[in-house]
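Tertiary structure, described
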Amino acid sequence: MTIETTRRGFMATGSGLLLSLTLPLGAAAAKTGEAAVAGFEPNAFIRIGTDHSVTVLVKHLEMGQGPYTGLTTLVAEELDASWDQMQAVGAPANTPLYANGALGVQGTGGSTSMMSSFLPMREAAAAARQMLITAAAAEWGVPADEIVIKAGILSHQGTGKNAGFGDFAEAASKLPVPDAPKLKDPKDFVFIGKDRPRLDTASKVNGSAKFTLDHYPEGMLVVMVAHAPKFGAVVKSFDDTEALAVAGVEMVRQVPMGVAVYARNTWAAMKGREALVIEWDESKAEIRSSDAIFADYAKAAAEGGLTVEETGDLAEAFKGAEKVLEAEYRLPYLAHAPLEALDAIIEIKEGKAVLTYGCQFPTVDQMAFAGTFGIEPSDVTINVLMAGGSFGRRAQGSAHFAIEMAEVAKAAGRDGVFKLQWTREDDIRGGHYRPAALHKMRAGLDKDGKIVAWENVIATQSIMMGTVMEPSLNGGPDPFTFEGSAHLAYDLGTRRIGWSAMQTGVSVLWWRSVGHSHTAYAVETFLDEVLEAAGKDAIEGRLELLSAEATRERAVIEKVREISGWKGRKGENGKAYGFAFVKSFGSYVAQVAEVEDKDGLPRVTRVWVAVDCGLAVNPNLITAQCEGGVGFALSTALYSEITLAEGGEVEQSNYHDYPLLRITEMPAVEVAIIASNEAPSGIGEPPVPPLAPAVGNAWRQLTGRTKRQLPFARAEA
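Once a new chain begins, its residue numbering starts again from 1 and follows that chain's sequence as written. At least 70 in pLDDT is required for a residue's local features to be given in this predicted model, at least 80 for side-chain atom pairs to be given and counted, and no such filter applies to totals for whole chains, interfaces and linings, which use all residues. Each side-chain value is derived from all of the structure's non-hydrogen atoms; neither hydrogens nor water enter the calculation.

Things to note about the overall build of the chain
In terms of helices and strands, the chain carries 17 helices and 26 strands. Computation of the radius of gyration draws on C-alpha atoms alone. For the globule rule, the value is 2.2 Å times the number of residues to the power 0.38. Computed over its C-alpha atoms, the radius of gyration of the chain comes to 27 Å, within 12% of the 27 Å expected for a compact globule of 717 residues. Note on exposure labels: buried denotes an accessible area under 20% of the residue type's maximum, exposed denotes more than 50%, and partly exposed covers the range between, all computed with a 1.4 Å probe on protein chains only. The 717 residues of the chain split such that 60% are buried. Partitioning the contacts of the chain with sequence separation of at least 6, the portion at a separation of at least 24 is 76%. Calculation of accessible area relied on Shrake-Rupley with a 1.4 Å probe; when residues are assessed, cover is drawn exclusively from the protein chains displayed. When the accessible surface of the chain is summed, it comes to about 28000 Å², and 51% of that surface belongs to carbon and sulfur atoms. Numbered from the N terminus, helices here are DSSP runs of H or I no shorter than four residues, and strands are runs of E no shorter than two. Residue contacts follow a heavy-atom distance rule, with two residues in contact if any of their heavy atoms lie within 4.5 Å.

Okay, structure coming up:
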């Protein structure tokens, strides 16, 4: 790993966020969202216990990407705490307090956790620090500006007095919250910019970490819903005789999304569901196969779609081109396939609900559950646990899982505790996929090999339309469908980007890196082909397309060229090299992949990554996200696709036919973090998009062909 860091000050802009210092005592410290000091509202991000522990309430879901550690680092920095006194828990649903400033709701997504919390968390900690110092100054009878804090200890040199945070917790809780606490000068950072071990690693290794799957409240009934085998189908009739005969099954209820089985344990719920006899009404079901859907997409793309970006007279530019290249790319539906499938604990008591699970969008889920169940949002409490992966699966604009939670609780007809559990088969067959996409590409070169014309028409389905997020579009196109194809840093001459909004019965959802997950492959592999046709090197050719102002783009491209020892596309000993660059979520990532042919499939042996994501708060987490992003993207590029058979049924069901990358297939990864003076930007998603095109570009060198339809394991048409 290569790490370079420089730092400068960041101005606190005065977000107006109300910050308070919560000081729990005794057993109350373990209860998220409850005040432990009488009369003190628990409306902040920090709790300091009498045992000197510092608990950070993290408003972003911890699903493996590291916000528990990253945001706790910010708090430890401004508090001048000791790392061993730090701990983190998920903040409960409370939109006024915990809204994500980048999204407008309480939620995790778009790689915005650090980006949106960098200043608010530091301000919260700085306020807490100032309150502790004020409390100590009052008790010791000394000026506040003579008290210093180091490694969690307050001290006054003149009197020799010193004490820990917990000694002033109660007194500090009674003080007013400073309006504009002074932030540290970056030159004095102790934690920010340094490697720091993750707070959740030990518990995940030793098994003490608790996920929703680990919770079995007394008296709980496990609920599993039989969903329709085709998208858009609904229950026509059902017979639950055999299901009710299964030992442990207590009841069966029809709900809008299928038939729910309630049982005393998971096995009984599964066997009871299998015993149901259901007749489905498929009159409004999606019955097209994947091939038929792509055929319709191709027709739509050929018509040009809605223009989302245009410069100049494209027809005239192509008319004057010396050489024109064309290509069509097909990118399949993709499941998220996290290790922990959707699940939640639902407790209903006297008209109120307590939901406990890995919740990615608390605001949306709270509103959806309340509206469906028929209670006020204030009567719905959400306790947010860690999630065993998500990749976008739990970030549901439709809130379909929260609605299903409410429906099964309502259908039960009584108070109680229920655990709604999906299986992996439910999730992989059940939709909410990365949308399938088709790209129709054209590029024109002049006699000197310069790109003078560029067109990219995308046919794909909107994620936003038909959800509570649609009003934010203001009647315009869905940017998640074409992001990464429009407004590129490259000078591609006269250009046009078009989008054909496709309609299918297949439910779709954000997927790690969203639109960039398909646009990057089409843009970067086609561009590589065009540059090669012009006789240009993959890296040097791209650098020539960048303006003088594109300094951050140029820096990551040059850095990955340096660390990979780039000598061109062709290597020795049967290896080839592919390059790709993508800017996404405010971050810049360039990758080089070393690839060889193994039984007709790419074997990726090494990947070099250069990343600029602004100030590196915790280089260790950034490196881990780059390594994980490479593995995730490679797994998808090699193997992943969801296909619909003729008639509309999904053909995949679990990891045996939707496989994950094996550890023996994971390449060596070297990461260089570029020095940056900018505020932090995204890192959870940006390492994903460049990998597949980098591999595709290397594969073209080995085979002479560009893979136009992913995954690589898919047989050529």
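Having seen the model, we can carry on.
Brief notes about the packing of aromatic side chains
Centre distance within 6.5 Å is the pairing criterion for rings of Phe, Tyr and Trp, where only the six-membered ring of Trp is used; planes under 30 degrees apart are then read as stacked, over 60 as edge-to-face, and the remainder as tilted. Following the criterion strictly, the structure yields 18 aromatic pairs and no others. With a centroid separation of 6.4 Å and 40° between ring planes, the pair formed by Y577 and W608 is classed as tilted. Here Y577 is found in strand β23 (residues 575-584), whereas its partner W608 is found in strand β25 (residues 601-612), with 31 residues between them in sequence. Take Y577 and W608: they sit in the same class, and that class is buried. A connected cluster of aromatic rings, assembled from ring pairs, spans F231, Y333 and Y433. The aromatic ring of F318 is capped on one face by R442, whose charged end is 3.9 Å from the ring centroid. Comment: the charge-over-ring label is applied if NZ (Lys) or CZ (Arg) is within 6 Å of the ring centre and within 35 degrees of the ring normal. The side chain of R512 reaches across the aromatic face of F632, ending 5.0 Å from its centre.

Details of the nonpolar core
Residue types Ala, Val, Leu, Ile, Met, Phe, Trp, Tyr and Cys, when buried and joined through side-chain atoms within 4.5 Å, form a set referred to as a nonpolar core. Of all hydrophobic cores here, the largest spans 118 residues; its most connected members are Y333 and F579. When residues of this core are assigned to their parent elements, the largest contribution, eight residues, is made by helix α16 (residues 619-639).

Considerations on the pairing of strand β18 (residues 380-384)
Where burial is concerned, the two faces of β18 differ: the one with V380, I382 and V384 is buried and the one with T381 and N383 is not. If the strands point away from the viewer and the path from the first strand over the helix to the second runs clockwise, then the crossover is right-handed. Taking the sense of rotation as the criterion, the β-α-β connection linking strand β17 (residues 352-357), helix α10 (residues 362-373) and β18 turns out right-handed.

Some points on the packing of helix α1 (residues 67-79) against helix α3 (residues 113-140)
All axes are obtained by fitting lines to C-alpha atoms, using only the stretch in contact for helices, and the reported angles, taken between N-to-C directions, cover 0 to 180 degrees. Running from amino to carboxyl end, α1 crosses α3 at an angle of 35°, the nearest separation of the two axes being 7 Å. α3 is crossed by α1, and the crossing has right-handed handedness. In contact with P67, G70, L71, L74, V75, E78 and L79 of α1, α3 contributes S113, M114, S117, F118, M121, R122, A125, A126, A128, R129 and L132. Residues were grouped as follows: Ala, Val, Leu, Ile, Met, Phe, Trp, Tyr, Cys and Pro as nonpolar; Asp, Glu, Lys and Arg as charged; and all remaining residues, including Gly, as polar. Split by residue class, the contact of α1 with α3 holds 12 nonpolar, three polar and three charged. Note on convention: near helix rotated counterclockwise from far helix by under a right angle means a left-handed crossing. Clockwise means right-handed.

Some points on helix α11 (residues 400-412)
Between its terminal C-alpha atoms α11 stretches 18 Å, which fits the 18 Å expected from 13 residues at 1.5 Å a residue. Burial within α11 is extensive, with 10 of its 13 residues counted as buried. Listed in full, the buried residues belonging to α11 are H400, F401, A402, E404, M405, A406, E407, V408, A409 and A412. Just downstream of α11 lies G413, where phi reads positive at about 75°. How far a helix is expected to stretch is found by multiplying one less than its residue total by 1.5 Å.

Some points on the side chain of R700
Summarising the element assignment, R700 is placed in helix α17 (residues 691-703). Aside from chain neighbours lying at most four places away, what touches R700 is T525, D528, E529, E532, R569, R705 and T706.

Overview of the sheet that holds strand β14 (residues 306-311)
What makes two strands pair is DSSP finding at least two bridges between them. What the five strands build is an open sheet, ordered β14-β22-β21-β20-β15; its pairing is mixed. The strands lining the two open edges of the sheet, one partner per strand, are β14 and β15 (323-331). The average angle at which neighbouring strand axes cross in this sheet is 10°, direction not considered. Here helix α8 (residues 290-302) sits on the sheet and contacts β15, β20 (437-445), β21 (451-461) and β22 (494-502); the angle it forms with β20, its principal contact strand, is near 40°. Docked against the sheet, helix α13 (residues 516-533) engages β15, β20 and β21, running at close to 155° with respect to β15.

Points about the sheet that holds strand β16 (residues 343-349)
An order of β11-β12-β9-β19-β16-β17-β18 is seen for the seven strands of this open sheet, with the pairing classed as mixed. Looking at the sheet topology across the chains shown, the edges are occupied by β11 (249-255) and β18. In this sheet, adjacent strand axes meet at a mean angle of 25° when their direction is disregarded. Relative to β17, β16 runs antiparallel, the two sharing five bridges. Residue pairing for β17: E347 is matched across the bridge by V354. The sheet contacts of α10 involve β16, β17 and β18, and relative to β18 the element is tilted by about 145°.

Some thoughts on the packing of α13 against helix α14 (residues 538-545)
Close contact between α13 and α14 brings their axes to 10 Å; oriented N to C, the two are set at 100°. Classified by the angle their axes make, α13 and α14 are roughly perpendicular. Residues E524, L527, D528 and L531 of α13 pack against A538, G541, R542 and L545 of α14. Considered class by class, the residues forming the contact of α13 with α14 number four nonpolar, one polar and three charged. Here the angle decides the label: under 35 degrees means roughly parallel, over 145 means roughly antiparallel, 65 to 115 means roughly perpendicular, and every other value means oblique.

Re the pairing of β16
The element β16 is largely enclosed, with a buried count of five among its seven residues. As paired elements, β16 and strand β19 (residues 416-421) share six bridges and run antiparallel to each other. When the bridges of β19 are listed, D343 appears paired with Q421. The antiparallel hairpin formed by β16 and β17 contains two residues in its connecting segment, where E350 sits at a positive phi of about 50°.

Re α16
In this model, α16 (21 residues) spans 30 Å end to end at C-alpha, consistent with the 30 Å of a helix rising 1.5 Å per residue. Among the 21 residues in α16, 16 count as buried, and that is most of the element.

Quick look at the environment of A292
With respect to the helices and strands, A292 occurs in helix α8. Between the C-alpha atom of A292 and that of A402, which follows or precedes it by 110 residues, the distance is 32 Å.

Here's the deal with the side chain of K184
Along the polypeptide, K184 turns up in the loop between α4 (169-173) and α5 (201-206). Residue class for K184 comes out buried when judged on its relative accessible area of 16%. At a separation of 2.6 Å, a polar atom in the side chain of K184 contacts the side chain of E77. In the analysis that follows, any N or O atom pair within 3.5 Å is treated as a polar contact, provided that within protein one partner can donate a hydrogen and the other can accept it, and provided that, for residues neighboring in sequence, both atoms belong to side chains. A polar side-chain atom of K184 sits 2.8 Å from a polar atom in the side chain of D80. Dropping the residues within four chain positions of it, K184 is found in contact with E77, E78, D80, R122, F189 and V190.

Focus on the pattern of salt bridges
By definition, a salt bridge exists where a carboxyl oxygen of Asp or Glu is found within 4 Å of a side-chain nitrogen of Lys or Arg. Enumeration over the complete set of coordinates arrives at 41 salt bridges. Taking the shortest distance from any N to any O, the salt bridge between K410 and E407 comes out at 3.8 Å. Separated by three residues within a single helix, K410 and E407 lie in helix α11, roughly one turn from each other. Residue K410 is classed as partly exposed on the basis of its relative accessible area, which comes to 40%. What you see here is one network of salt bridges that share partners, running through E524, D528, E532, R542, R569 and R700.

Focus on unusual backbone geometry
Each neighbour pair has its own omega, and for L710 with P711 the value is 5°, a cis peptide bond. Among the structural elements, P711 can be located in the segment after α17. Residue S111 is not a glycine yet carries a positive backbone phi of 55°. Tracing the chain through its elements places S111 in the loop between α2 (95-98) and α3. Under the relative-accessibility criterion, S111 is labelled buried at 13%. Positive phi, normally seen in glycine, also occurs at A337, with a value near 50°. Positionally, A337 belongs in the loop between β15 and β16. We classify A337 as buried; its relative accessible area is 7%.

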